[in-house]
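Structure at a glance
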Amino acid sequence: MYNDPNFYKDKDNHFAINIGDGPYKILQLTDLHFGFGILSRKQDRLGMDAVTKLVERSKPDLIILTGDSIFPFIFKSGTRNNIKQAKKLVGFMDSFEIPYAFSFGNHDIEMGSKGNKDQISDIIMNGKNSVFTKGDKELTGEGNYIIKLIDKKEKLLMVLVILDSNMYGEGWFFSGFDCIHKEQTKWCMDELSRLKKQSEDLKALAFFHMPLPEFKEAYERMKLGDKSVEYHFGSIGESNDYFGISKNNYGFFEKAVDNGVIKGVFCGHDHLNTLSLTYQGIVMTYGMSIDFLAYKNIGKRYTQRGGTLITIDNEGFFKVNPVPLTTVVSDFVRGQNK
């Protein structure tokens, strides 16, 4: 666990970081897909080099990994040993001497992999610079937790919510993707409502793996000319405007709009999607991906590869910028008039 005088667990059992004057920079990294196996040595080296360049370029105060950091898929990586993978991931992330938060994706625990979520969580928690906890055992998934950002006057400036958007349904891969469940949503909104009493103008950012269905809804509205949807950057690079969303919807976005505290959500999962837009007052952003291993011929792609930098000022306002690994980022959106 990260150990620093400005980092602690508070009376609410939430993590808290005193960020001083700010600005405070968060680097979102997603879909690393490190195999750390006999078949993935080249791809792992490329991925680790990419992450290193992004960290050196953006100089973040905190790194947030939004799922699929490891890939225990034997036909791609050559191993099912995600315990070994998680240990190597932690060693790599610790080498930057920067605190990092972690959320699970749908591939960190593959069918037949050696370690379950509880075992992988233990490994992540023990990282020297890790900011991670398993969270409430009554909630679905592991790694539902809050990081408070405190300013130099000890005021609660912003809340970072890390959520497990889970993996698949009861039939594993064949039952489709899962999502944030109802009781996770209730816990999140209840905590934010309670914390808002401490800071009336409180803002929060949420980080998880699976895209919300409203992302697709907003994108389609924008293509049809709905001016209430504000485009920021990026594109939908998946074939046929694909969004890897769950067939289930337990109302996270709707509840977030009603609650009013969450102002930004950040996901991964769809490696070729990099779109960022604002819908119903919430900035919705696909993090740029790292993956050199999972998608077929992904190594030849480049417009999607990078990180996402969130910069928070001393008033709690934030801006989002892509940090592409190369100098080219596609901003083509079908149907959008420039």
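Now for a quick tour of the structure. (Residues numbered from 1 in each chain as written. Predicted model: local features only at pLDDT ≥ 70, side-chain atom pairs only at ≥ 80, totals over all residues. Heavy atoms only, no water.)

1. Concerning the overall build of the chain
Secondary structure summary: the chain contains seven helices and 17 strands in total. Relative to a compact globule of 338 residues, whose C-alpha radius of gyration would be 20 Å, the chain shows 19 Å and is just as compact. With the principal axes as the frame, the chain shows a C-alpha extent of 50 × 50 × 40 Å. Residue burial in the chain is summarised as follows: out of 338 residues, 59% are buried. In the chain, once contacts between residues fewer than 6 apart in sequence are set aside, the share between residues at least 24 apart is 73%. For the chain, the computed accessible surface area is about 14,600 Å², with 50% contributed by carbon and sulfur atoms. (Helix = DSSP H or I, 4+ residues; strand = E, 2+ residues; numbered from the N terminus. Rg over C-alpha atoms; globule rule 2.2 N^0.38 Å. Buried < 20%, exposed > 50% of the residue type's maximum accessible area, 1.4 Å probe, protein only. Contact = heavy atoms within 4.5 Å. Areas by Shrake-Rupley, 256 points an atom, 1.4 Å probe, with all protein chains shown as cover.)

2. What to know about the nonpolar core
In this structure, Val 51, Ile 63, Leu 89, Ile 147, Leu 149, Leu 160 and Ile 312 are the most contacted members of the largest nonpolar core, which totals 62 residues. For this core, the element with the highest residue contribution is helix H3 (residues 82–94), accounting for six residues. Filtering out sequence-adjacent residues up to four positions away, Ile 63 remains in contact with Leu 27, Leu 29, Val 55, Met 93, Ile 98, Pro 99, Tyr 100 and Ala 101. Counting residues in each nonpolar core, the second largest holds 40 residues, with Ile 150, Ile 180, Leu 202 and Tyr 286 among its members. (Core = buried A, V, L, I, M, F, W, Y, C linked by side-chain atoms within 4.5 Å.)

3. Brief notes about helix H4 (residues 117–125)
Taken as a whole, H4 has its buried residues at Lys 117, Ile 120, Ser 121, Ile 123 and Ile 124. On an axial view of H4, the arc spanned by its buried residues comes to 160°, and they lie on one face. The opening residue of H4 is Asn 116, an N-cap whose side-chain oxygen sits 3.1 Å from the backbone nitrogen of Asp 118. (Arc of directions from axis to C-beta. Polar contact = N/O pair within 3.5 Å; in protein donor to acceptor, adjacent residues only side chain to side chain.)

4. With respect to unusual backbone geometry
Positive phi is not limited to glycine here, since Asp 31 has a value of about 55°. Even without being glycine, His 269 reaches a positive phi, approximately 80°. Topologically, His 269 is positioned in the loop between strand S13 (262–267) and strand S14 (276–279).

5. Here's the deal with the layout of surface pockets
Space inside the largest pocket adds up to approximately 280 Å³. For the lining of the largest pocket, the residue count by class is eight nonpolar, five polar and four charged. (1 Å grid on protein atoms, 1.4 Å probe; cavity = no way out; pocket = protein on both sides within 12 Å on 5 of 7 lines; lining within 4 Å. Points joined across faces, edges and corners; volume = space filled by probe spheres on them. Nonpolar A, V, L, I, M, F, W, Y, C, P; charged D, E, K, R; others polar.)

6. Details of the pattern of salt bridges
Taken as a whole and assessed by the stated rule, the structure comprises 15 salt bridges. For the salt bridge of Lys 148 with Asp 12, the shortest nitrogen-to-oxygen distance reads 2.7 Å. On the criterion of sequence distance, the pair formed by Lys 148 in strand S7 (residues 145–151) and Asp 12 in the loop between strand S1 (7–9) and strand S2 (15–20) is long-range, its members being 136 residues apart. Residue classification places Lys 148 among the buried residues on the basis of a relative accessible area of 3%. Note on Asp 12: relative accessible area 19%, which makes it buried. One salt-bridge network, held together by shared partners, links Asp 10, Lys 11, Asp 12, Lys 148, Glu 191 and Arg 194. (Salt bridge = Lys/Arg side-chain N within 4 Å of Asp/Glu carboxyl O.)

7. A short note on the sheet that holds strand S3 (residues 24–29)
Taken in spatial order, the six strands line up as S6-S5-S4-S3-S16-S17 in an open sheet, and their pairing is mixed. Taken across any chain shown, the strands that pair with only one partner, and hence form the sheet edges, are strand S6 (130–131) and strand S17 (318–324). For strand S4 (residues 62–66) and strand S5 (residues 100–103), the ladder comprises four bridges, and the chain directions are parallel. When the sheet's bridge partners are listed, Thr 66 is paired in S5 with Ser 103. Contacts from helix H1 (residues 41–58) reach S3, S4, strand S16 (306–312) and S17 within the one sheet, and its direction differs from that of S3 by about 165°. Docked against the sheet, H3 engages S4, S5 and S6, running at close to 150° with respect to S5. (Pairing = 2+ DSSP bridges. Axes fitted to C-alpha atoms, helices over the stretch in contact; angles between N-to-C directions.)

8. A few points about the sheet that holds strand S8 (residues 156–162)
Taken together, the nine strands give an open sheet; going across it, the order is S1-S2-S7-S8-S11-S13-S15-S14-S12, and neighbouring strands pair in mixed fashion. Strands with a single pairing partner mark the edges of an open sheet, and in this sheet they are S1 and strand S12 (230–233). Sheet twist, expressed as the mean angle between neighbouring strand axes with direction ignored, is 20°. Its contacts with the sheet put helix H6 (residues 213–223) on S12, S13, S14 and strand S15 (282–286), and the angle it makes with S14 is roughly 90°. The strands touched by helix H7 (residues 252–259) are strand S11 (203–207), S13, S14 and S15; relative to S15, the strand with the most contacts, the crossing angle is about 145°.

9. Thoughts on the environment of Tyr 145
Topologically, Tyr 145 is positioned in strand S7. A residue is classified by how much of its surface remains accessible, and Tyr 145, at 3% relative accessible area, is buried. C-alpha of Tyr 145 to C-alpha of Ser 40: the two residues are 105 residues apart in sequence and 32 Å apart in space. Apart from residues lying up to four places away in sequence, Tyr 145 is in contact with Phe 15, Ala 101, Phe 102, Val 131, Phe 132, Thr 133, Leu 160, Val 161, Ile 162 and Trp 187. Among the polar contacts made by the side chain of Tyr 145, one reaches the main-chain amide nitrogen of Phe 102 at a distance of 3.1 Å.

10. Some remarks on the packing of aromatic side chains
Applying the stated criterion to the full structure yields 20 aromatic pairs. On the basis of an interplanar angle of 70° and a centroid distance of 5.6 Å, the ring pair of Phe 73 and Phe 75 is categorised as edge-to-face. Here Phe 73 falls in the partly exposed class, since its relative accessible area comes to 33%. Grouped by ring-pair contacts, the aromatic residues Tyr 2, Phe 7, Phe 15, Phe 102, Phe 104, Phe 132 and Tyr 145 constitute a single cluster. A cation over a ring is seen here: Lys 203 above Phe 317, with NZ or CZ 4.2 Å from the ring centre. Cation over ring: Arg 305 sits above Phe 292, and NZ or CZ is 3.7 Å from the ring centre. (Phe/Tyr/Trp six-rings, centres within 6.5 Å; stacked < 30°, edge-to-face > 60°. Lys NZ or Arg CZ within 6 Å of the ring centre and 35° of its normal.)

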